[in-house]
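# Architecture and fold: a report
Each chain is listed here by its residues.
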Amino acid sequence: MTTPPRTGMGMRGLRSLRMIRAGGRSWRGIAVALVLIVPMTLFGSIILMTPSPSIFIGGSFGEDCASAASLADASQAAASDIPADYLRIYKKVGQEIGVQWNVLAAIGKRETDHGRSQLPGVGSGTNYAGAAGPMQFLISTWGGKAKIKITPGINGYASDGDGDGYGDVYNPADAVLGAAKMLKRNGAPDDLPRAIFVYNRATWYVDQVLEIARRYAASGEIGVPADADPACDGGYVDSASSEVVQKILEYALAQRGKPYRWGGTGPDAFDCSGIIYMAYRNAGLSIPRTTFGQWPFGVKVRAGDEEPGDLVFFNSGPGTRANRPGHVGMVVSKGKMIEARCTLCGPIKVTGYTDRPNIVGFTRPLQNADVLEQLRRAVT
C-alpha cells in the first residue's frame, strides 16, 4: 500500500491527536437493485408537458442553504388542494428522509389525488395492474402483503410511519414514508428526474410530477432540502472535532453527485470503500482500501456513540455476512452518512442510516494504533 503524503497540522493537529487518544469524548457531533416494477398511475389531471423531457436534465435544483430552507413553504394552491393531514405527513416525512415534501405531494396528487380517488386500489384491493394505496405501490414492491409487520430485512418499501409496528400500504403515513425511501434510494433529493422516473418509468410522468411540485411550492421552485444541499456542508465540517476530521469530511462531501464505480478511487467515480480510503488520504492517513479490510481495522464503536469520521458497515452483497460486511458509509452527523452505494442507486450522496436494515456496526479508524502513530509522526 502506498503511503500517502503527510500534511502539516501544527499545534491544532497535536490537540486533535490528544483528543483522539482520549477516546473521542471531546468530539462535537451534530444533530434491490433498481426496482424494475414501479407504481402504476391511477389518477391526476393532465399537466402541460415541457418540450424536452426533464429526465435528461441534471439533478440539482437548489441555489444555497438559506434559499433551500425557504422552499419548504407551501403555496396557497397547495394549502387549498392538499388535505391538512396529508400535507402534515408530506412535510414530516420529507424532513425526516431528506426529500422534497412537494415532490412527495405531487406524486400523491398524480397517483390518487391524495387518497381521494374512488377508483379501485386506493382504499382497498388493487387496481388492474396490482397497485394499491394512496401512493400506488405494487404489493410485490411493498413487501409481499398489503399490511406487513416491520422487521429487519424486509424485502420491499413497506414502512411504519405511524409507529404501530406495521407497514400498511393503505395508510397514508406508511405509504408516503415508503415512497420517500424509494425516491431517496434512487437519487432524490439531488437527482429528482431519475428518482421519479424509477417510481414510474415514463418521461411524461416525470414532467407532470415536477410541474405539480412547482405549483405546490410557495417560491414556485423545486429546492433541495437544506441538509442535502452542498452549500450546507459547512455545518458538517465546522462541527468536526479536529482539523483531521474536517479534512476527511471536506474531501468526502466534495465528491457528492459523482457516480459509483466498483473499484473506483476517483477522481471521477468511487466505490463505497474507495471514497473513504481517499478521504483519509486527503488528511494524510493510510487505512485499508477495501470494505473487508476497513471493518477489522477501526476500533469498534457502540451504536449511538458514533461521530463524524466514523464508519458504518452493512451486511450487503454476495459473499458478505455479519462478521464480513460488504458495504460501508462514513458518518457525517448523527443519523447521516455519505455513501457511494451501487451503480443503480444514484450518485454519491448524504443519506440516513438509522432506518437501514442489516447494519453490522460502527468503527473509528482514527483510534487504530497505526493511524495514531501516523498522526504522532505528522506533528513531530
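Presented here is an overview of the structure given in this document. No experiment lies behind these values; they were computed from the predicted model shown.

Let us look at helix α8 (residues 192–199). In terms of burial, α8 is a largely internal element, 7 of the 8 residues being buried. Contacts made by the buried residues of α8 are with α5 (101–112), β2 (137–138), α7 (172–185) and α9 (203–216). Where α8 begins, the side chain of Asp-191 points an oxygen toward the backbone nitrogen of Arg-194, at a separation of 3.4 Å.

If you look at the biggest cluster of nonpolar residues, it comprises 48 residues, and the most contacted ones within it are Ile-82, Val-103, Leu-104, Phe-137, Leu-183, Ile-196 and Tyr-199. Listing elements by their share of this core, those giving two or more residues are α4 (84–97), α5, α6 (139–142), α7, α8 and α9. Setting aside anything within four residues of it in sequence, one finds Leu-183 in contact with Val-103, Leu-104, Ile-107, Ala-188, Ala-195, Ile-196 and Tyr-199. With 36 residues, the next largest nonpolar core counts Ile-248, Phe-270, Ile-276 and Leu-366 among its residues.

What follows is about the packing of α4 against α5. One way to put it is that α4 packs onto α5 with a least axis distance of 8 Å and a crossing angle of 135°. Between α4 and α5, the angle is such that the two are oblique. Crossing angle aside, the handedness with which α4 passes α5 is right-handed. Between α4 and α5, the residues in contact are Leu-87, Tyr-90, Lys-91, Val-93 and Gly-94 and Trp-101, Leu-104, Ala-105 and Gly-108, respectively.

In this description, a pair of aromatic rings is defined by centroid distance and the angle of the planes. On inspection of all chains with the given rule, the structure shows 8 aromatic pairs. Between Phe-137 and Trp-142 the ring centres are 5.1 Å apart and the planes differ by 55°, which places this aromatic pair in the tilted class. In this structure, Phe-137 and Trp-142 share a single accessibility class: buried. Ring plane angle 75° and centroid distance 6.1 Å describe the contact between Trp-204 and Tyr-205, whose orientation is recorded as edge-to-face. Owing to a relative accessible area of 0%, Tyr-205 belongs among the buried residues under this scheme. Through a chain of ring-to-ring contacts, three or more aromatic side chains come together here, namely Phe-137, Trp-142, Tyr-157 and Tyr-199. We note Lys-91 situated over the ring of Trp-101; from NZ or CZ to the ring centre the distance is 5.4 Å.

Attention now moves to unusual backbone geometry. Looking along the chain, the bond that leaves Ala-188 and enters Pro-189 is cis, with omega of 5°. Relative to the elements of secondary structure, Pro-189 occurs in the loop between α7 and α8. Look at the link from Gly-266 to Pro-267: it is a cis peptide, with omega at 0°. Tracing the backbone through its elements, the reader meets Pro-267 in the loop between α11 (243–254) and α12 (272–282). Within the chain, Asp-113 stands out as a residue other than glycine whose phi angle is a positive 55°. Take Asp-113: its relative accessible area is 12%, and that puts it in the buried class.

Moving on to the pairing of strand β10 (residues 359–364). Examined bridge by bridge, strand β5 (residues 299–301) and β10 share 3 bridges and lie antiparallel to one another. Of the residues in β10, the one forming a bridge with Val-301 is Phe-362.

Here the focus is α4. Given 3.6 residues to a turn, an α-helix orients residues that are three or four positions apart in the same direction. Counted at 1.5 Å a residue, the expected span for α4 with its 14 residues is 20 Å, and the 20 Å between its end C-alpha atoms agrees. Restricting attention to buried positions, one finds in α4 the residues Tyr-86, Leu-87, Ile-89, Tyr-90, Val-93, Gly-94 and Ile-97. End-on, the buried residues of α4 take up no more than an arc of 160°, which puts them together on one face. Facing away from the buried side of α4, by more than 90 degrees, are the exposed residues Ala-84, Arg-88 and Gln-95. Elements that come into contact with the buried residues of α4 comprise α5 and α7. Following α4 by one or two positions, Gly-98 adopts a phi angle in the positive range, close to 90°.

Here Val-245 shows up in helix α11. Taking the C-alpha atoms as reference points, Val-245 and Leu-366, separated by 121 residues in sequence, lie 9.0 Å from one another.

Turning our eyes to something else, we now look at the pattern of salt bridges. All chains considered together, the criterion is met by 13 salt bridges. Close ionic contact of Asp-271 with Arg-289 constitutes a salt bridge, the shortest N to O distance being 3.0 Å. Of this pair, Asp-271 sits in the loop between α11 and α12 while Arg-289 sits in the loop between α12 and α13 (291–297), placing them 18 residues apart in sequence. Taken together, the shared-partner salt bridges in this structure form one network comprising Asp-81, Lys-109, Asp-113 and Arg-116.

Moving on to the sheet that holds β10. In spatial order, the strands read β5-β10-β6-β7-β8-β9; together these 6 strands make up an open sheet with antiparallel pairing. The strands lining the two open edges of the sheet, one partner per strand, are β5 and β9 (349–352). Shown here is a sheet whose adjacent strand axes are inclined to one another by a mean of 40°, direction ignored. Two elements, strand β8 (residues 336–339) and β9, share 4 bridges in a ladder whose sense is antiparallel.

Let us now look at the side chain of Ser-75. Structurally, Ser-75 can be placed in the loop between α2 (65–70) and α3 (76–81). Not counting chain neighbours up to four residues away, the residues in contact with Ser-75 comprise Arg-215, Tyr-216, Ala-217 and Ala-218.

The next subject is the pairing of strand β6 (residues 311–314). Of the two faces of β6, the one holding Leu-311 and Phe-313 and the one holding Val-312 and Phe-314 are both buried throughout. When β6 meets strand β7 (residues 327–333), the two strands line up antiparallel, connected through 4 bridges. Following the sheet pairing, Phe-314 is matched in β7 by His-327. Alignment of β6 against β10, held across 4 bridges, turns out to be antiparallel. Paired with Phe-313 across the strands is Gly-361, a residue of β10.

Basis of the calculations
- The numbering scheme is per chain: residues are counted from 1 as the chain's sequence reads.
- Note on the predicted model: pLDDT of at least 70 is required for a residue's local features to be given, and 80 or more for side-chain atom pairs to be given and counted; whole-chain, interface and lining totals, by contrast, use all residues.
- Where side-chain values are given, they derive from all heavy atoms of the structure, hydrogens and water being excluded.
- Summary of the burial criterion: residues with accessible area below 20% of their type's maximum are buried, those above 50% are exposed, and those between are partly exposed, where the area comes from a 1.4 Å probe applied to protein chains only.
- We count a stretch as a helix when DSSP gives it H or I for four or more residues in a row; a strand needs E for two or more, and each element gets its number in order from the N terminus.
- Contacts between residues were defined by any pair of non-hydrogen atoms, one from each residue, lying within 4.5 Å.
- What qualifies as a polar contact is a pair of N or O atoms within 3.5 Å, subject to a donor-acceptor requirement within protein and to the restriction that residues adjacent in sequence count only when both atoms come from side chains.
- Remark: nonpolar core denotes a set of buried residues (Ala, Val, Leu, Ile, Met, Phe, Trp, Tyr, Cys) joined through side-chain atoms within 4.5 Å.
- The axes used here are C-alpha line fits, helices contributing only the stretch in contact, and every angle between their N-to-C directions lies in the interval 0 to 180 degrees.
- Our angle categories are set so that under 35 degrees counts as roughly parallel, over 145 as roughly antiparallel, 65 to 115 as roughly perpendicular, and the remainder as oblique.
- Each crossing is labelled by how the near helix is turned from the far one, with a counterclockwise turn of less than a right angle marking it left-handed and a clockwise turn marking it right-handed.
- Note on ring pairs: Phe, Tyr and Trp rings are taken, using the six-membered ring of Trp, and paired if centres are within 6.5 Å. Classes follow the plane angle, with under 30 degrees stacked, over 60 edge-to-face and the rest tilted.
- Note on criteria: charge over ring means Lys NZ or Arg CZ within 6 Å of the ring centre, with the direction from the centre no more than 35 degrees off the ring normal.
- Two strands are said to pair when DSSP picks up at least two bridges between them.
- Multiply 1.5 Å by the residue count of a helix minus one, and that product is the helix's expected span.
- Summarising the geometry, the arc corresponds to the directions from the helix axis toward the C-beta atoms.
- Within this document, salt bridges are pairs made up of a side-chain nitrogen of Lys or Arg and a carboxyl oxygen of Asp or Glu, the two lying within 4 Å of each other.

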